[in-house]
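# Residue-level structural notes
These are the residues of each chain, in order.
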Amino acid sequence: MTFQNDTITAIATALSDSGIGIVRISGDKAIEIADFLIRSKSGKRFVALAKSHTIQYGFVMDSDHPEIENPENVLDEVMVSVFRAPKSYTKEDVVEINCHGGVLVTKKVLELVLHAGARLAEPGEFTKRAFLNGRIDLAEAEAVMDLIHSKNEMAMKASTSQLRGDLSNKIRSLREEILYEIAFIESALDDPEHISLDGYPERLNGKCEHLISEVQRLLDSAENGRMVKEGISTVILGKPNAGKSSLLNMILGQERAIVTDVAGTTRDALEEYVNLRGIHLNMIDTAGIRDTDDLVEKIGVEKARKYAMDADLILYVVDTSVALDDNDKEILSMIHGKKTIFLLNKSDLEQKVSENDILSLLHFVEDGDQKDLKENNPTENNPTENNSTENNSTESISTEKNSLKYGEMESDISMISTSAALGEGLDLLEKEIEKLFFHGDVKQNDQMMITNLRHKQELENAKNALLLVKKSLEDGMPEDFYSIDLMQAYASLGSIVGEEVGDDLVEEIFSKFCMGK
Ligand code: GDP
């Protein structure tokens with residue numbers, strides 16, 4: 001790997017009116033440049049003499065007129081941090097000039113640094129140097145970026161864990177296991193007199209199964225990882241007037257969606273971003289679903305259907321003060337196979353819909369029964385007499401929350417009673433979302449999560465390579481076939497942490513298996 005090792009500089013803080021702005025310099029000339037530009041109170045240079053990991057008070061001077069006696073020559077009063085190589089972020093000499101925040105001052109200091117011989121850094125170049133100089137690996141470098149861009153607490157935790165090296169350590173330990181097998185095979189092939197491969201295929205098969213399951217565990221976390229990073233795409237569905245906008249407002253804690261008692265007010269879709277217990281939700285409030293002749297409303301309904309198809313989570317708002325009808329049937333058909341939380345809203349009013357009514361209707365839709373809903377659902381015509389035990393289809397349905405069999409898929413469905421009017425149910429909703437996506441363990445959830453597509457792809461590659469080893473074992477192929485695919489798995493995992501198969505592999509083989517020869 002090659003890279004330029006010239007001295008780079010950039011403003012490390014946001015360009016806005018703020019207390020402090022930091023101009024960072026990294027490279028061989030970092031200290032020299034800062035020494036040239038900065039003076040002590042008595043007008044002396046001091047940066048070149050500064051010890052590593054110290055911060056000192058000084059003045060950035062106009063480089064053409066560095067005489068401190070004339071106040072016009074002083075550009076800013078600063079604090080200067082010095083980190084000498086290799087104990088710095090980039091492993092190079094690093095100087096950070098803490099000047100006064102504010103676009104003009106910070107830019108002026110940057111200009112002086114550039115004028116004194118540094119080059120403007122590219123985006124991410126300091127971190128790139130940290131990687132190329134071997135201070136952090138690739139996964140850790142990627143975590144730095146993710147950490148900066150994290151939009152919620154969970155994403156931040158996942159990035160911190162990756163930056164701490166949790167993922168890298170896991171990947172390294174998997175690679176070590178693979179390397180051991182490669183080394184063993186190579187040594188046995190080199191030295192068949194002393195190293196026997198009898199019974200080895202069975203052992204290797206067991207090892208592959210273990211490795212595949214470990215890789216799979218990481219891959220399984222990628223779906224949650226994606227949602228943690230990008231947010232859970234959440235769609236609010238329900239009939240007009242069910243209280244969708246009111247609930248969205250309750251969740252947002254502010255009046256955002258327009259709430260009226262005229263059915264069909266939310267004609268298109270509103271998108272909002274919400275943080276619930278550190279989980280980021282991208283919430284889409286849709287038009288109410290009902291059979292309508294209004295063209296604009298029809299388009300809104302169609303859009304809602306599309307949003308529902310792509311959603312990670314559906315919040316289905318049911319107005320429990322009016323009986324279920326064909327429109328609910330329509331909505332239930334839209335949520336098939338989706339993680340859904342039923343919000344049984346308007347719990348403050350007289351209740352005409354129970355959990356069991358919904359389950360019955362769900363079952364009805366699931367069975368694809370085409371009979372007229374009115375004949376089958378006694379709640380519609382006589383809602384107050386609704387009683388789950390009287391409803392034929394109810395008994396066969398498990399009412400256990402979160403494990404309802406819906407269709408061929410085991411869909412996660414749960415029901416929560418809410419009242420947007422009284423502001424009730426939000427707490428339960430938050431807990432339910434945690435439970436559905438993160439097994440109710442968000443706060444302690446420091447398990448590794450794959451949040452990066454590249455990592456996911458490389459894990460897929462590694463898994464496929466390991467599956468090929470298993471296939472070769474099944475087909476009784478010669479040992480060197482196993483090595484080839486093991487090498488591929490080793491390389492794929494290696495590229496996650498930025499290592500390539502090369503000298504390390506060769507060294508490993510001979511250091512571990514030479515056995516004194
Ligand atoms: P949307 O069409 O589904 O978005 O429904 P809205 O949020 O606009 O609400 C329709 C009407 O129901 C409004 O008059 C709300 O004030 C009212 N509403 C919403 N939630 C509740 C609730 O929990 N209880 C009661 N009593 N009224 C509610």
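Residues numbered from 1 in each chain as written. Predicted model: local features only at pLDDT ≥ 70, side-chain atom pairs only at ≥ 80, totals over all residues. Heavy atoms only, no water.

## Side note on the overall build of the protein
Condition: Segments assigned H or I by DSSP are reported as helices when at least four residues long, segments assigned E as strands when at least two residues long, and all are numbered from the N terminus. Exposure is judged per residue with a 1.4 Å probe applied to protein chains only, and the accessible area is read against the type maximum: over 50% gives exposed, under 20% gives buried, and values in between give partly exposed. Should any heavy atoms of two residues lie within 4.5 Å, those residues are counted as being in contact. Using a 1.4 Å probe, the Shrake-Rupley method yields the accessible areas, and only the shown protein chains count as cover for residues.
From N to C terminus, the protein includes 17 helices and 15 strands. Sorting the 517 residues of the protein into buried and exposed places 49% on the buried side. Here the analysis covers contacts within the protein between residues at least 6 apart in sequence; of these, 68% occur between residues at least 24 apart. Here the protein displays about 25,400 Å² of accessible surface, and carbon together with sulfur accounts for 51% of that area.

## Considering the sheet that holds strand E1 (residues 8–11)
Strand pairing in a sheet is mediated by backbone hydrogen bonds. Such pairs are either parallel or antiparallel. Applied cut-off: DSSP calls a pair of strands paired once it identifies at least 2 bridges connecting them.
A sheet is described by the order of its strands in space; here seven strands give the open sequence E3-E4-E5-E6-E2-E1-E7, paired in mixed fashion. In the strand order of this sheet, the two ends are held by strand E3 (38–39) and strand E7 (119–120), each with one partner. Where E3 lies against strand E4 (residues 54–61), two bridges are found, and the strand directions are antiparallel. By the bridge assignment, isoleucine 38 is partnered in E4 with valine 60.

## Digging into unusual backbone geometry
Going from alanine 85 to proline 86, the amide bond is cis rather than trans, its omega being 5°. Its location among the elements puts proline 86 in the loop between strand E5 (74–83) and strand E6 (94–100). One non-glycine residue with positive phi stands out, namely asparagine 241, at about 75°. Turning to its location among the elements, asparagine 241 is positioned in the loop between strand E8 (232–238) and helix H8 (244–252). Residue asparagine 241 is classed as partly exposed on the basis of its relative accessible area, which comes to 31%. Phi angles above zero are rare outside glycine, and lysine 346 is one such case at about 65°.

## Topic: the environment of leucine 189
Along the polypeptide, leucine 189 turns up in helix H6 (residues 166–190). Sequence spacing of leucine 189 and aspartate 480 is 291 residues, and the spatial spacing of their C-alpha atoms is 8.3 Å. Once you skip the residues sitting within four places of it in the chain, leucine 189 turns out to touch Leu197, Glu479 and Asp480.

## Focus: the pairing of E6
Across a regular strand the side chains alternate sides, sitting on one face of the sheet and then on the other. Burial analysis of E6 places six of its seven residues in the buried class, the great majority of the element. As defined by bridge partners, strand E2 (residues 20–26) adjoins E6 across seven bridges and the pair is classed as antiparallel. Bridge pairing in E6 links isoleucine 25 to valine 95.

## Re the pattern of salt bridges
Here is the rule we go by: In what follows, salt bridge is the name for a side-chain nitrogen of Lys or Arg lying within 4 Å of a carboxyl oxygen of Asp or Glu.
All told, the structure shown has 24 salt bridges when counted by the stated rule. Arginine 129 serves as the salt-bridge partner of glutamate 125, at 3.8 Å between the closest nitrogen and oxygen. Here glutamate 125 and its partner arginine 129 are both found in helix H3 (residues 125–132), four residues apart, which amounts to about one turn of the helix. A relative accessible area of 5% places glutamate 125 in the buried class. In this structure, the salt-bridge partner of glutamate 209 is lysine 470, at a minimum N-O distance of 2.8 Å. Pair noted here: glutamate 209 is in helix H7 (residues 200–230) and lysine 470 is in helix H15 (residues 453–474), with a separation of 261 residues, a long-range link. Take glutamate 209: its relative accessible area is 43%, and that puts it in the partly exposed class. The network of salt bridges with common partners includes Asp6, Glu92, Arg119, Glu125 and Arg129.

## Concerning the nonpolar core
As a rule of thumb, nonpolar side chains are buried together in soluble globular proteins. Here is the rule we go by: Note on terminology: a nonpolar core comprises buried Ala, Val, Leu, Ile, Met, Phe, Trp, Tyr and Cys residues joined through side-chain atoms within 4.5 Å.
Formed by 35 residues in total, the largest nonpolar core has its most connected members in Ile171, Ile178, Leu204, Leu459, Leu486 and Leu493. Residue assignment for this core shows that the elements contributing at least two residues are H6, H7, H15 and helix H16 (479–497). Membership of the second largest hydrophobic core comes to 29 residues, among which are Ala155, Val228, Leu281 and Phe437.

## Considering H15
So the rule is basically this: Helix span, expected: 1.5 Å multiplied by one less than the number of residues in the helix. Between N or O atoms, a polar contact is any pair within 3.5 Å; within protein, one atom must be a potential hydrogen donor and the other a potential acceptor, and residues adjacent in sequence are included only when both atoms are from side chains.
Over its 22 residues, H15 runs 31 Å from end to end, which matches the ideal 32 Å to within 8%, given 1.5 Å per residue. When we look at burial in H15, the residues that qualify are His455, Glu458, Leu459, Ala462, Lys463, Ala465, Leu466, Val469, Lys470, Ser472 and Leu473. As for H15, its buried residues are in contact with helix H4 (138–149), helix H5 (153–163), H6, H7 and H16. The backbone nitrogen of arginine 454 lies 2.7 Å from a side-chain oxygen of the residue at the head of H15, namely asparagine 452. Where H15 ends, the next residue or the one after it, glycine 476, has phi of about 65°, a positive value.

## Focus: the pairing of E5
Two elements, E4 and E5, share eight bridges in a ladder whose sense is antiparallel. By the bridge assignment, glutamine 56 is partnered in E5 with valine 80. Pairing of E5 with E6 involves five bridges; the strand directions are antiparallel. Residue pairing in the sheet places methionine 79 in a bridge with asparagine 98 of E6.

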